[in-house]
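What the coordinates show
Single-letter residue listing:
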Amino acid sequence: MNAIAPASFRMPGSVSSRLVCGWSLAFLIVAMNLPETSRLWGANHLLFTSPWVTTSTISLLVILLLLPFNRLALAGEWIGEALWGVEKRKKIGFHLLVAVVCSSVFWTFRSSTFLLGDGQVLINDAAVVKSRTTIFEILDLALQTRNPLSTIIYFLASQAGQTFLNLERDVVFQLLSCIAGGVYVFVLLRVLDSFAASPILKSSLFFLLVGNGALALFFGYVEYYPFFFLSSFAYAVATIRMLKFETTLLVPFLLFVLTVLLHFTGIVLLPSLMYAVLARTKSNVVRKILQLKWVGSGILGSVVCLAAILYLSGEYQLRNYVVPVVSLDVRNTYTLFSGEHLLDVLNALWLLAGPVFLGLLLMIRWKGIRELPGDRRFVFLFLLAFYQQLFVFLGNTDIGFARDWDVMLSMGSGVLLLVSFLFTEGTGSDGSDRLFPQVLLRLSLIMVTTTIPWIAVNASERSSIKRFEALLEMDKEFVGDYRTAYGYEMLSILHRERGRTSMELEALHRAIETSNNIRFYENAIIAINRSRLDEIDSSFLIQIVQRFHQEVVDGWRQEPSAYYWDHLNMYYVSLRLLREKGNCAEALPFYHKALEKGIPHAGYAWLGIGQCLEEQGKWEEAYKAFRHVAVDSLDIVGRDLESIGRVFVKANDVVRAGRVVDRALAEGVASEELLLEFLQLSAKMGNRTGGLAVLSDYRRMFPDGRLKDRVAMLERQLLGKVGR
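What you are looking at is a predicted structure, and each value in this text was computed from that prediction instead of being measured. (Residues numbered from 1 in each chain as written. Predicted model: local features only at pLDDT ≥ 70, side-chain atom pairs only at ≥ 80, totals over all residues. Heavy atoms only, no water.)

Things to note about the nonpolar core
Residues Trp 41, Phe 206, Phe 380 and Trp 405 are the most contacted members of the largest nonpolar core, which totals 124 residues. Listed in part, the 89 residues of the second largest apolar core include Met 490, Leu 494, Ile 536 and Ala 657. (Core = buried A, V, L, I, M, F, W, Y, C linked by side-chain atoms within 4.5 Å. Buried < 20%, exposed > 50% of the residue type's maximum accessible area, 1.4 Å probe, protein only.)

As structure tokens, this is what we get:
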């Protein structure tokens, strides 16, 4: 980049860069001492990291604050010579090696969970690939999404990884993220190699463009955005080269199409592409129109048109696509110009490259601004950055900025390149600041240092979970009950995959406290079914039963929906767990109400009533209830068959007891005690045929039974009955 009429500096770079370093250090320390739910999610990562990360980060900032410029210059020169000073014929191979090493670093410190963003949705969607074996079926699925090309890439890679390498889907997605990071590093090294600048300035720009917060996209991030960020960056670089007539229009156009296909939000690149196409014209009229003041008028007009379109689309569309100007819900104060939203935008910018932005504001006075609009590269980058950040400012992130950071930072390529352009064009050809390269290097290294805690939080599962819980609490009142509960559901899935059932239930309990959605209750029942009941709080079980009762019993219709049958099954399962927990007195009223309402599968209600009565010692009443249970047709577990069988034996009902025993034998769940009790009843009631048949099964199942003498006596009694 050739120097144009430069912007002058407000203060010497040596002063301003140290001021930025000191301010960054103070800011991180202040953020560490604020509550975890404070709205500083772009900077308070030291709250969640380990002590050694905190100590290392603060120590590095202190070193950068005190490090003399000559030492800094020496380090920058050495790094620059190491990366770009090799022989030309070996340079591509060397840069490829550096990219591979960086990919290995990304993999080593990859995100420990899928909580960073919305990765679980991608993992769940990829499971569909198992039933779609051809490229055409996957293409059909991809065309139904907002990211068709990303879907194809990730899903085909998932299928190949599982088929040939036996890799889990999330591992495949993490590998793709790290590979995208390696490609990004390689492209950046090659771009800077063609940049006519000193080694220290190249080093500064390398750290600026690599060490920003968007780097987390490449640390094993399970989502679609790594390739999207890479593609949008490549598009911007290719377009700048086109404006310098170093390449043709075809290259940036193809990269634009690629970016849009990777994710439809890439359409925000269109205004900058239109400008770049027109900027190549030789017409004086067109060139005058392309001056910044006219481009600014076009920007203003497009914003007005966008606002009109959204307004005319109606209240629902406005609420779902942009942050509302005025809240439609008195409980939700999160609006376009609310303090929370403005803080979120600033958090996203700080997480992207806060210290460098601050340094730019401190160092540059726009004395030479009149010359910048004449540079087509500046206008292009301005358009690119403006529309990307307009999307960030207006877009409704649905689950909150802090949890949808990926959407915000993936739109950061334009801002990063614009800042790089302003710094390099502000070198001061008049010698106003000969230490400028060292200044930029210090700022870039400060930014890298403040990015380290962000990467460390995501690399540690404990820290990542702790931060995620804080974000859920922070955004609870703004993103809605369901979205917050959905976050707790994602947390419960993580605990389930790690085998931490108690923590899974705790997360689901918090989801249920936040939202009354029936799905969270279903997941809780599934988790409780895998747990030890003595660890479950009875009040939590009763709460679940009440919710299913509301859905199944109070919501009974003669023509129920398909979901009703699943909920009905969960209702009976929840009542069974409540009963097994020892809360029969609480379970009985629900069973009776279900019978009164006449809901389907009443046999399960009678089964539960009978078991509760039996546990209360009222076996005669239990017998009356069990008589309504169709043992042959209901899905009854072994312990329930045992309970029913013993009551029938006590009632001397040999016929019904025989049906229960036959069912238990058929399923291989008959206990020795139940068979012995039935044999005694058969001998008593003269049930020779049934008794001898069960006797044969008993000896087959328990050849070394502990009551051989008792069985032999029962056999003689049965045979004696036959003799008479």
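Some details on a nonpolar patch on the surface
On the surface, Leu 249, Leu 250, Phe 253, Leu 254, Val 257, Leu 261 and Val 277 cluster together into a nonpolar patch covering about 550 Å² of accessible area. At five residues, helix H11 (residues 250-262) tops the list of elements feeding residues into the nonpolar patch. Note that Val 277 resides in helix H12 (residues 270-279). Note on Val 277: relative accessible area 37%, which makes it partly exposed. (Patch = residues over 30% accessible without salt bridge, like charges linked within 9 Å, V, L, I, M, F, W, Y side chains within 5 Å. Areas by Shrake-Rupley, 256 points an atom, 1.4 Å probe, with all protein chains shown as cover. Salt bridge = Lys/Arg side-chain N within 4 Å of Asp/Glu carboxyl O. Helix = DSSP H or I, 4+ residues; strand = E, 2+ residues; numbered from the N terminus.)

Description of unusual backbone geometry
Trans is the prevailing form of peptide bonds, just as negative phi is the prevailing case for residues other than glycine. In the Ramachandran plot, Phe 245 falls in the positive-phi region, its phi being about 60° despite a non-glycine side chain. Mapped onto the elements of the fold, Phe 245 is located in the loop between helix H10 (225-243) and H11. Phi is positive for Asn 652, which is not a glycine, with a value near 60°. Relative to the helices and strands, Asn 652 is located in the loop between helix H30 (638-650) and helix H31 (654-667).

A few points about the packing of helix H23 (residues 501-514) against helix H24 (residues 518-529)
Orientation of H23 relative to H24, taken along the N-to-C sense of each, is 160°, at an axis distance of 9 Å. In terms of axis orientation, H23 runs roughly antiparallel to H24. Seen from above, H23 lies across H24 with left-handed handedness. Here H23 contributes Thr 501, Glu 504, Leu 505, Leu 508, Ala 511 and Ile 512 to the contact with H24, which in turn contributes Phe 520, Tyr 521, Asn 523, Ala 524, Ala 527 and Ile 528. The class makeup of the residues in the contact of H23 with H24 is nine nonpolar, two polar and one charged. (Axes fitted to C-alpha atoms, helices over the stretch in contact; angles between N-to-C directions. Parallel < 35°, antiparallel > 145°, perpendicular 65-115°, else oblique. Left-handed = near helix turned anticlockwise from the far one by under 90°. Contact = heavy atoms within 4.5 Å. Nonpolar A, V, L, I, M, F, W, Y, C, P; charged D, E, K, R; others polar.)

A word on the packing of aromatic side chains
A complete count under the given rule lists 31 aromatic pairs for this structure. Consider the rings of Trp 23 and Trp 350, whose centres lie 5.6 Å apart with planes at 65°: the pair is edge-to-face. One end of the pair, Trp 23, is in helix H1 (residues 13-32); the other, Trp 350, is in helix H16 (residues 339-363), with 327 residues separating them in the sequence. For Trp 23, a relative accessible area of 43% gives the class partly exposed. Members of the aromatic cluster, connected to one another through ring pairs, are Phe 106, Tyr 184, Phe 218, Phe 219, Phe 229 and Phe 233. Above the ring of Trp 107, the side-chain terminus of Arg 110 is found at 3.9 Å from the ring centroid. If you follow Arg 483 out to its NZ or CZ, it ends over the ring of Tyr 486, 5.4 Å from the centre. (Phe/Tyr/Trp six-rings, centres within 6.5 Å; stacked < 30°, edge-to-face > 60°. Lys NZ or Arg CZ within 6 Å of the ring centre and 35° of its normal.)

Purely geometric numbers; function is a separate question.
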